[in-house]
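# Residue-level structural notes
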Amino acid sequence: MLLTISTTHQPATELGYLLHKHPDRCQSFALAFGQAHVFYPEADTQRCTAALLLEIDPVRLVRGHSSTIKQYVSDRPYVASSFLSVAIAQVFSTALAGRCQQRQELTQTPIPLVARLPVLPCRGGEAFLRQLFEPLGYSVSATGHLLDEKFPEWGQSQYYTVELQHTLPLSEFLNHLYVLIPVLDDDKHYWVGDEEVEKLLRHGEGWLHTHPAREQITRRYLKRQNYLTRAALTQLTEQEILDPDQAQERHTQEEAAVEKPLSLNQQRMNAVVATLKNHGAKRVIDLGCGQGNLLKILIKDSFFDQLTGVDVSYRSLEVAKERLDRLCLPRNQWNRLQLIQGALTYQDKRFNGYDAATVIEVIEHLDLARIEAFERVVFEFAKPRIVIVTTPNIEYNIKFENLPAGKLRHKDHRFEWTRTEFQTWAKEITQRFGYSVEFQSVGEEDIELGSPTQMAIFKQYPKEGRSQKAIRGIKTSSN
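Residues numbered from 1 in each chain as written. Predicted model: local features only at pLDDT ≥ 70, side-chain atom pairs only at ≥ 80, totals over all residues. Heavy atoms only, no water.

### Here we look at the layout of surface pockets
This is how the line gets drawn: In this analysis, the protein atoms alone were mapped onto a 1 Å grid. Cavities are point sets where a 1.4 Å probe fits without being able to get out; pockets are open sets with protein on both sides within 12 Å along at least five of seven lines; lining residues have an atom within 4 Å of a point. Grid points are joined across faces, edges and corners, and a volume is the space filled by probe spheres set on the points. Only DSSP runs of H or I covering at least 4 residues are called helices, and only runs of E covering at least 2 are called strands; the numbering of each starts at the N terminus. Throughout this entry, Asp, Glu, Lys and Arg are counted as charged residues, while Ala, Val, Leu, Ile, Met, Phe, Trp, Tyr, Cys and Pro are counted as nonpolar. The remaining residues, Gly among them, count as polar. Domain delimitation follows an automatic or database domain assignment.
Here the second largest pocket is characterised by a volume of approximately 360 Å³. Taken together, 19 residues make up the lining of the second largest pocket; nearest its centre are T107, Q108, P169, S171 and E172. At the level of secondary structure, the elements contributing two or more residues to the lining of the second largest pocket comprise helix 4 (93-96), helix 7 (170-185) and helix 8 (194-203). Tallying contributions element by element places helix 7 first for the lining of the second largest pocket, with three residues. Residue composition of the lining of the second largest pocket, by class: seven nonpolar, seven polar and five charged. Residues from two domains meet in the lining of the second largest pocket; each of domain 1 (2-190) and domain 2 (246-460) gives at least three.

Now the structure itself:
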């Protein structure tokens, strides 16, 4: 059983610091079911690969009291399974917890990582494999294997050679593998009890409660034991409700107070609505709709045929529904509107099929490590014809008298971009996903500082013209 983890982070040998395993040594570790060996097939400043090799003792498994395996001959010594998760937890325990005494800052740094699993059982097939990893932002490569090469008519087996690529902190990478490998195998080699719920919640912290497949993940991880599954899902639901709770609402009010003298929110909404109409977008999905500020305007305009609001916070969706209910619109108007819970960093088929997606003052709330996943969800998977993104211009912040120097407009903002940073990001989107982009200022524009809000309008190239996007260039209406 083999797992390799590679990086091209510079210098690549810093992977040894993160894993607490020196690249110049081959180390072995005794486990209850055999031995684990860690070695580095390659280790230089350009590329470094760490290999975790497990040697499973089938006799010890059958004779062991803690194992549910009773057959000497099985696939367990050769395929990635719960044995590999246990090995990760024991051999890479410090890296899994995100600790590194010598380079603690490195543990929080997103680095390019590639995991390769030569034989991974995927009970549910390649589609389920992708359903688990792609919403987390991974690029997935999977090669299936025949049941028997001598008898190809027997068809495909459930085993795949899998490569997973992502840029994120190593601890997150290992936690994803720890949880999802046994989920794909849909089995565990040991008895599952109450302590497994705690393990799942600990290793799933920060990502599992908003994962589109969280119920399937939870059920499989806990070996389909209903009472354990219910207990875990109850706690995950509580996390989801509490995350964006009262503090988030308070911070949003503080941001509104900063911008209120400029009536900036109303100017943003007017600019977005005008842009949607100018481009004939009748089916609109508002990604990160919050409490429904934009939807309140759009639902009152008969120009729009279909409206969907998406937010990760159930609380925000409840407030949005209450605010929309107070509009007292005719019943047939409500048929155009739906509110759905979802995360913008997870692929979701419900996001597909719209003329336009609006992302209003949202991206600055995402961790920078999650931006790439957001980009793929919107521009690669959902692929609306028009995407409108607005975000604060940090250069303008010095003009807000009630905003302390050096502070961002909202306490939940992970960053705020300058005009150059925003336009650089937007232009990279056009090169990768087949869109052009125009920039528009929102609010009163200062000659030196620009406008308080910056807006990018992405337009999808017609299919026949996408290959010419580099020639056609990028449209820019203002700096």
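### Some remarks on the sheet that holds strand 2 (residues 27-31)
For clarity, the cut-off: For two strands to be treated as a pair, DSSP must find no fewer than two bridges joining them. Interaxial angles span 0 to 180 degrees and are taken between N-to-C directions of axes, which are lines fitted to C-alpha atoms, for helices over the stretch in contact. In this analysis, two residues are considered to be in contact whenever any of their non-hydrogen atoms come within 4.5 Å of each other.
Pairing in this open sheet of seven strands is antiparallel, and the strands run 2-3-4-1-5-7-6 from one edge to the other. Each edge of the sheet is formed by a strand with only one pairing partner; in this case those strands are strand 2 and strand 6 (139-146). Ignoring which end each strand starts from, the neighbouring axes of this sheet average 15° apart. Taken together, the seven bridges between strand 6 and strand 7 (residues 156-168) define a ladder with antiparallel strand orientation. Looking across to strand 7, one finds that S139 is bridged to Q165. Running over the sheet, helix 3 (residues 82-91) touches strand 1 (2-7), strand 2, strand 3 (34-43), strand 4 (48-56) and strand 5 (111-121) and is turned about 120° from strand 4. Together, strand 1, strand 5 and strand 7 form the strand contacts of helix 7, whose direction differs from that of strand 5 by roughly 15°.

### Digging into the pattern of salt bridges
What counts here: Counted as salt bridges are all cases of a side-chain nitrogen of Lys or Arg within 4 Å of a carboxyl oxygen of Asp or Glu. Three labels apply to residues, based on accessible area from a 1.4 Å probe with only protein chains included: buried if under 20% of the type maximum, exposed if over 50%, partly exposed otherwise in between.
For the structure on display, the rule yields 21 salt bridges. Put simply, D446 and K399 hold a salt bridge, and the shortest N to O gap is 3.7 Å. Of the two residues, D446 is situated in the loop between strand 13 (435-442) and strand 14 (453-460) and K399 in the loop between strand 12 (386-392) and helix 17 (419-433); the sequence distance between them amounts to 47 residues. Overall, the relative accessible area of 41% leaves K399 in the partly exposed class. Across the salt bridge formed by E438 and K459, the nearest N and O atoms sit 2.8 Å from each other. With E438 in strand 13 and K459 in strand 14, the pair connects residues that are 21 residues apart, well separated along the chain. When its relative accessible area of 18% is taken as the criterion, K459 is described as buried. A network of salt bridges, in which partner residues are shared, links E126, R130 and E134.

### Let's talk about a nonpolar patch on the surface
The line we're drawing: Patch members must show over 30% relative accessible area and no salt bridge, and they are joined within 9 Å when carrying like charges or within 5 Å when they are nonpolar side chains of Val, Leu, Ile, Met, Phe, Trp or Tyr. Only the protein chains shown count as cover for residues, with accessible areas throughout obtained via the Shrake-Rupley method and a probe of 1.4 Å.
On the surface, a cluster of nonpolar side chains totalling about 340 Å² of accessible area is made up of L147, F151 and W154. Mapping L147 onto the fold places it in the loop between strand 6 and strand 7. Of the residues examined, L147 reaches a relative accessible area of 52% and is grouped as exposed.

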